[in-house]
Amino acid sequence: MIDLALVPVAGWGTRMLPATKSQPKEMLPVGRKPIVQYVVEELVKSGIRQVLFITGQGKTSIENHFDIDAPLITYLRETGREEQLQELQFEREDVEYFYTRQRRQLGLGHAVLCGKAMIGAHPFVVALGDSIIGLNAESDIVSRMTSIFEREKADIVVCFEEVPSEEVVHYGIAKPKGTVGEIFELADLIEKPSVADAPSRLAVAARYVFSPVIFDALAETKPGKGGEIQLTDAIHILLKRGHKGIGVKLADHERRFDIGNFESYFQAFVEFALADPQYGAALHEHVRRLLN
Ligand code: G1P
């Protein structure tokens, strides 16, 4: 049973300045919660009990967020605010948190490699800390992926979402082997290809499962797109050597909210706020009035 996840949160978030100047983009709220809380809650639902964050400069508020805040809990309890106390339930989940820093910004592949000493010889999940899967993170994609990883004896399982062809330039893109169903075998993976070079419209959707052999490939991976050490390139190395890689498609209700820029952030925020059980209906009315 895989219960260990690595969550990279070291990126600078330059596409979301000035909002991200002094706070991590992973801590921006979408509806009521910071993005990274949705990511962790999704992982916990899928059986993850150890979370290793790969952090960087300016990311300490993420560590603070997952601490148990005893004085705040006491204050809420003593002042009879049981409802607000409920909102801190996530702190008390049976999860262990670990933090290490990516000391140089050398890319996503390098960030994953920073977890090598702690992860050692265990299979593990990688969940990008800036992407929410499903409205309110209602997705069991990671537990589906870990089951497939074990059943298929794969070294790599990657989650995919079909994107419009003009968007392939923003993602790692799958070259499937054979027919593409809900699950398919990977022939190759290409980081951010041009529309003309893209072998499909299946885009890597921020969740991966790896056997520790990925660390060997990452150690050999040369800087690729953007001069960065790309996780996609390490997967490419393994696939070319005959390691088994499986792709899993997100279900229709499991949209990926990729909070990398303001366009997608605004969309995610509005969608989550409209789904809020308390204020969603009134917001719906408000937006309708604004649009008329
Ligand atoms: C990273 C990966 C890319 C993947 C994307 C979303 O890109 O390199 O392959 O498709 O995350 O999961 P980034 O968004 O960091 O540029």
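Residues numbered from 1 in each chain as written. Predicted model: local features only at pLDDT ≥ 70, side-chain atom pairs only at ≥ 80, totals over all residues. Heavy atoms only, no water.

> Even after reading the chapter, I still don't get the packing of helix H8 (residues 213–220) against helix H9 (residues 231–240), so can you show me in this structure?
Pairs of packed helices are described in terms of their axes, by the angle between the two and the distance that separates them. At their nearest, the axes of H8 and H9 sit 8 Å apart, and the two run at 110° to each other. Relative to H9, the element H8 lies roughly perpendicular. Judged by the sense of rotation from one axis to the other, the crossing of H8 with H9 is right-handed. In contact with Val213, Ile214, Ala217, Leu218 and Glu220 of H8, H9 contributes Leu231, Ala234, Ile235, Ile237 and Leu238. When the residues that make up the contact of H8 with H9 are grouped by side-chain class, the tally is nine nonpolar, no polar and one charged. (Axes fitted to C-alpha atoms, helices over the stretch in contact; angles between N-to-C directions. Helix = DSSP H or I, 4+ residues; strand = E, 2+ residues; numbered from the N terminus. Parallel < 35°, antiparallel > 145°, perpendicular 65-115°, else oblique. Left-handed = near helix turned anticlockwise from the far one by under 90°. Contact = heavy atoms within 4.5 Å. Nonpolar A, V, L, I, M, F, W, Y, C, P; charged D, E, K, R; others polar.)

> Sorry, what's going on with the packing of aromatic side chains here?
The geometry of an aromatic ring pair comes down to the distance between the two centres and the angle between the two planes. Across all of its chains, the model carries 14 aromatic pairs by this definition. Relative to phenylalanine 210, the ring of phenylalanine 124 lies with its centre 5.9 Å away and its plane at 50°, an arrangement referred to as tilted. One end of the pair, phenylalanine 124, is in strand E6 (residues 124–127); the other, phenylalanine 210, is in strand E11 (residues 202–210), with 86 residues separating them in the sequence. With 6.3 Å between their ring centres and 65° between their planes, tyrosine 265 and phenylalanine 269 make a pair best called edge-to-face. Placement of both tyrosine 265 and phenylalanine 269 in helix H10 (residues 262–274) is noted, with a separation of four residues, approximately one turn of the helix. What makes tyrosine 265 buried here is its relative accessible area of 11%. Three or more aromatic residues joined by ring pairs make a cluster, and in this case those are Phe53, Phe66, Phe90, Tyr97 and Tyr99. (Phe/Tyr/Trp six-rings, centres within 6.5 Å; stacked < 30°, edge-to-face > 60°. Buried < 20%, exposed > 50% of the residue type's maximum accessible area, 1.4 Å probe, protein only.)

> It is not clear to me how the environment of lysine 59 should be interpreted in this structure. Could you clarify?
Here lysine 59 is to be found in the loop between strand E4 (50–55) and helix H2 (60–65). For lysine 59, a relative accessible area of 4% translates into the label buried. Taking C-alpha positions, lysine 59 is 7.8 Å from valine 9, a pair spaced 50 residues apart along the chain. Here lysine 59 is in contact with Val9, Ala10, Gly11, Pro24, Lys25 and Glu26, once residues within four sequence places are set aside.

> Quick question: what am I supposed to make of H8 here?
What sets the pattern is the α-helix's 3.6 residues per turn: residues three or four places apart point alike. Those residues of H8 not exposed but buried are Val213, Ile214, Phe215, Ala217 and Leu218. Against helix H5 (108–113), helix H6 (116–119), E6, E11 and H9 lie the buried residues of H8.

> Sorry, what's going on with the nonpolar core here?
Most often, soluble globular proteins keep nonpolar side chains buried together rather than apart. One finds Val7, Leu43, Phe53, Phe66, Val125, Ile141 and Val157 to be the most contacted residues of the largest nonpolar core, which totals 38 residues. The contact partners of phenylalanine 66, leaving out residues within four places of it in the chain, are Val36, Gln37, Val40, Phe53, Phe90, Tyr97 and Tyr99. Phe160, Phe184, Leu218 and Leu239 belong to the second largest nonpolar core, which has 33 residues in total. (Core = buried A, V, L, I, M, F, W, Y, C linked by side-chain atoms within 4.5 Å.)

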